Amino acid sequence: MTVESTAARKPRRSGAKRSTTARDAKKQPEAQTELVQLLTPEGERVEHPEYAIDPTPEELRGLYRDMVLTRRFDAEATTLQRQGELGLWASLLGQEAAQIGSGRALHDDDYVFPTYREHGVAWCRGVDPTNLLGMFRGVNHGGWDPNSNNFHLYTIVIGSQTLHATGYAMGIAKDGADAAVLAYFGDGASSQGDVAESFTFSAVYNAPVVFFCQNNQWAISEPTEKQTRVPLYQRAQGYGFPGVRVDGNDVLACLAVTKAALERARTGQGPMLIEAFTYRMGAHTTSDDPTRYRSPEERELWETKDPILRLRTLLTREGLADDAFFAELERESDALAKRVRDAVRAMPDPDDMALFEHTYADGHALVDEERAQFAEYQASFVTAEEGI
Amino acid sequence: MAAEKMSLSKAINASLRTALESDPKVLIMGEDVGKLGGVFRVTDGLQKDFGEDRVIDTPLAESGIVGTAIGLALRGYRPVVEIQFDGFVFPAYDQIVTQLAKMHARSLGKVKLPVVVRIPYGGGIGAVEHHSESPEALFAHVAGLKVISPANASDAYWMLQQAIGSDDPVIYFEPKRRYHDKSEVDTAAIPGPLHAARVVRPGADLTLAAYGPMVKVALDAAAAAAEEGKSIEVVDLRSMSPIDFDTIQRSVERTGRLVVVHEAPVFLGTGSEIAARITERCFYHLEAPVLRVGGFHSPYPPSRLEDEYLPGLDRVLDAVDRALAY
Ligand SMILES: Cc1ncc(C[n+]2csc(CCOP(=O)(O)OP(=O)(O)O)c2C)c(N)n1
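Fair warning: this is a prediction, and the values are worked out from it, not measured in the lab. (Residues numbered from 1 in each chain as written. Chains lettered and ligands numbered in written order. Predicted model: local features only at pLDDT ≥ 70, side-chain atom pairs only at ≥ 80, totals over all residues. Heavy atoms only, no water.)

### Structural notes on the UniProt feature "domain: Dehydrogenase E1 component" (unreviewed entry) in chain A
Right, on to step 1. In the numbering adopted here, UniProt assigns the feature "domain: Dehydrogenase E1 component" (unreviewed entry) to residues 65-346 of chain A.
Right, on to step 2. Helix makes up 47% of residues 65-346 of chain A and strand 11%, whereas the separation of the span's terminal C-alpha atoms amounts to 27 Å. (UniProt positions renumbered as here; feature names shortened; annotations may be inferred. Helix = DSSP H or I, 4+ residues; strand = E, 2+ residues; numbered from the N terminus.)

Below, the structure is given as structure tokens:
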């Protein structure tokens, strides 16, 4: 990879004694020089020698639509949490390009292993967004059939899913199938042993898996510098596969690089690591208070790189979308928000007896015993009420 | 040649071979399981006959072994993974507890994870630390897992077949100090239910319940007690999750006394659960409190001390005497 080799020759950053928690605004331009970028923050198309892409106007509008609807869905979920309809929400605000770009690179029979923030990828996979809310409302731990959209359940334990992704990819290779796996994780997750083990396994077995790290700069309150001393994408080299850093706020670059990486994997060339350099604009979750650990200036800086804005600039300047398009999308957003709101409020609590369902596939004597006891206990109230 | 006398480890090997032959989706995974045949040679010859794609030497990473086995199971495979020794399962404990055990429930039954985790466990072989532990209660406590342990070659063969056939994740504890004990295995038999306990010696005065490596000790204790005119019934539990309380209950209703024996520490162990349940179920049949014999609340000791730590004939017989004295 040219990107990798130029980066490798860069001198190491000086000033090792500096406080590692202090955010370094100067870091941004430096990061930029390593980024694969196809659409600048000003909405200009730029070429990249390795990752060319030529989307039609319709495709560009489609990517824009996906990002806008995903952002709207996310905002609605945040609101619903504030209104007490959801216990928690993990917002993707700012990460739309990373998710839509990578998500739209997938083929139908590819398989995705997400963390808990991949609402945009779920959208690309055709998972009904209302299904994503059940676990945040507390009515289930998943709520969709992973196999009907090839989109696995959200994974809360950091890094675990990268191993499932690798194993699944090993299975694809065994089957001789023409598919690949896309595994998502964060910069914080890169410190987990499971992620390291998944790199080892995928390299050793040449598994068709693409690791997509959304480096949104923060793991709750900890900056990336608390997880790593080298740029994350460079880790791949030590495991024997390529790593590349892409502008995570550039939907075209994310699309192009993920497409190439998935194609590499599908054609038997093994794993690849993509580090999408992006930013979490909101709080980690609705329980988080980012004002305790980061400055408003930092967010303002990243707002100038807003993934949606820059594609809108391109669409408008090139005359690829007219006012009617934007107005129609606005209506569609409103309708989506309403549908989500209504669906959440109508979401029933699970039945009491659901406690005893699905713990085992083949049944279990203890579960049977406890189910019977609980049913009898519950029934005793009904009997008592009837007795009055 | 349906019935054949073989060692417990040979029976597991034969069982794995049968599974590999009868279902192309079955895979063996673990450290050193290939050319070496595992550190206990349990997988001996399997890679030679089924190839590196079916009998897979993995990187030395336990979380990776179980985590990738989960992914393979999601893709339709039935992995049987080997953890080299009991004390080394803990790097994989996270994957087993947070992922393997729960995915079926989280998916509301849509996802099945037919993964078997084989763990050679228990002491008595003079090993260094982390090679002699009995962590079964830590797994039995977790909803979503099934936990079993054979005590003889026939069960070793059949219970593993049944575990591989199960759509639930099964933790299969192998009593490593019994690996070389031989007994009759009828590979054409129709096995009983996987999670049923079995009365392996009938008796009238007291029930000894044990599993895995301690079944032999319990049988020896019953034989010794018989010389003193005591009639001891021995129940082989075979399964620690679920536990077949019905069989224990029926036995205790006959004998009126129960002593549970295992190598694992007594505190909060399998025996505690059995004592509590049987007391609930058999309160009016019990002539004595349920007693437990097992390991101490200490790290598994250096091997020169393991005979003191492990319940032997004398400690079991002492408990029998105490129960009979009530
Ligand atoms: C094993 C584990 N440890 C801690 C947590 C609590 N936790 C949830 S999210 C998070 C930060 C994750 O950061 P990162 O991987 O960068 O992903 P991001 O949320 O920023 O997308 C932590 C510490 C967890 N879920 N799992």
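### Describing the pattern of salt bridges
Right, on to step 1. Under the criterion given, the structure shown has 44 salt bridges over all chains.
Right, on to step 2. Of the charged contacts, one joins A:Glu76 and A:Arg341 as a salt bridge, the two residues approaching to 2.9 Å between their closest N and O atoms. Here the residue A:Glu76 occupies a position in helix α3 (residues 57-82), and A:Arg341 occupies one in helix α14 (residues 323-346), the gap between them amounting to 265 residues.
Right, on to step 3. Residue classification places A:Glu76 among the buried positions, given a relative accessible area of 8%.
Right, on to step 4. Close ionic contact of A:Arg310 with A:Asp247 constitutes a salt bridge, the shortest N to O distance being 3.1 Å. One end of the pair, A:Arg310, is in helix α13 (residues 307-317); the other, A:Asp247, is in strand β6 (residues 243-247), and 63 residues separate them in sequence.
Right, on to step 5. Classification of A:Arg310 by relative accessible area gives buried; the value is 1%.
Right, on to step 6. A relative accessible area of 3% means that A:Asp247 is categorised as buried.
Right, on to step 7. One network of salt bridges, with partners in common, ties together A:Glu369, A:Glu370, B:Asp246, B:Glu273, B:Arg277 and B:Arg281. (Salt bridge = Lys/Arg side-chain N within 4 Å of Asp/Glu carboxyl O. Buried < 20%, exposed > 50% of the residue type's maximum accessible area, 1.4 Å probe, protein only.)

### Some details on the UniProt feature "domain: Transketolase-like pyrimidine-binding" (unreviewed entry) in chain B
Right, on to step 1. In the numbering adopted here, UniProt assigns the feature "domain: Transketolase-like pyrimidine-binding" (unreviewed entry) to residues 6-181 of chain B.
Right, on to step 2. Taken end to end, residues 6-181 of chain B is 38% helix and 17% strand, and its two terminal C-alpha atoms sit 8 Å from one another.

### Topic: the interface of chain A and chain B
Right, on to step 1. At the junction of the two partners, chain A supplies 40 residues and chain B supplies 46 residues.
Right, on to step 2. For the chain A and chain B pair, buried surface summed over both sides reaches about 3500 Å², with 58% attributable to carbon and sulfur atoms.
Right, on to step 3. Linking chain A with chain B are five salt bridges.
Right, on to step 4. Put simply, A:Asp175 and B:Lys25 hold a salt bridge, and the shortest N to O gap is 3.8 Å.
Right, on to step 5. Applying the counting rule to chain A against chain B returns 26 residue pairs in polar contact (both at pLDDT 80 or more). (Contact = heavy atoms within 4.5 Å. Buried area = accessible area lost by both parts, 1.4 Å probe. Polar contact = N/O pair within 3.5 Å; in protein donor to acceptor, adjacent residues only side chain to side chain.)

### Concerning the site of the ligand
Residues and elements named next belong to chain A.
Right, on to step 1. Residues in close proximity to the ligand total 15 residues, the closest being Tyr116, Arg117, Asp187, Gly188 and Trp218.
Right, on to step 2. In isolation the ligand has 580 Å² of accessible area, and contact with the protein removes 71% of it.
Right, on to step 3. Among the residues forming the shell around the ligand, the class breakdown is eight nonpolar, five polar and two charged. (Near = heavy atom within 4 Å. Areas by Shrake-Rupley, 256 points an atom, 1.4 Å probe, with all protein chains shown as cover. Nonpolar A, V, L, I, M, F, W, Y, C, P; charged D, E, K, R; others polar.)

### Things to note about the sheet that holds strand β14 (residues 291-295) of chain B
All names here are of chain B.
Right, on to step 1. Strand order in the open sheet made by the five strands is β9-β11-β10-β13-β14, with mixed pairing throughout. Among the strands making up the open sheet, the edge pair consists of β9 (198-201) and β14. Put simply, the sheet's adjacent strands are angled 25° from each other on average, direction ignored.
Right, on to step 2. Relative to β14, strand β13 (residues 258-265) runs parallel, the two sharing four bridges. For proline 265, the partnering residue across the bridge sits in β14 and is glycine 295. (Pairing = 2+ DSSP bridges. Axes fitted to C-alpha atoms, helices over the stretch in contact; angles between N-to-C directions.)

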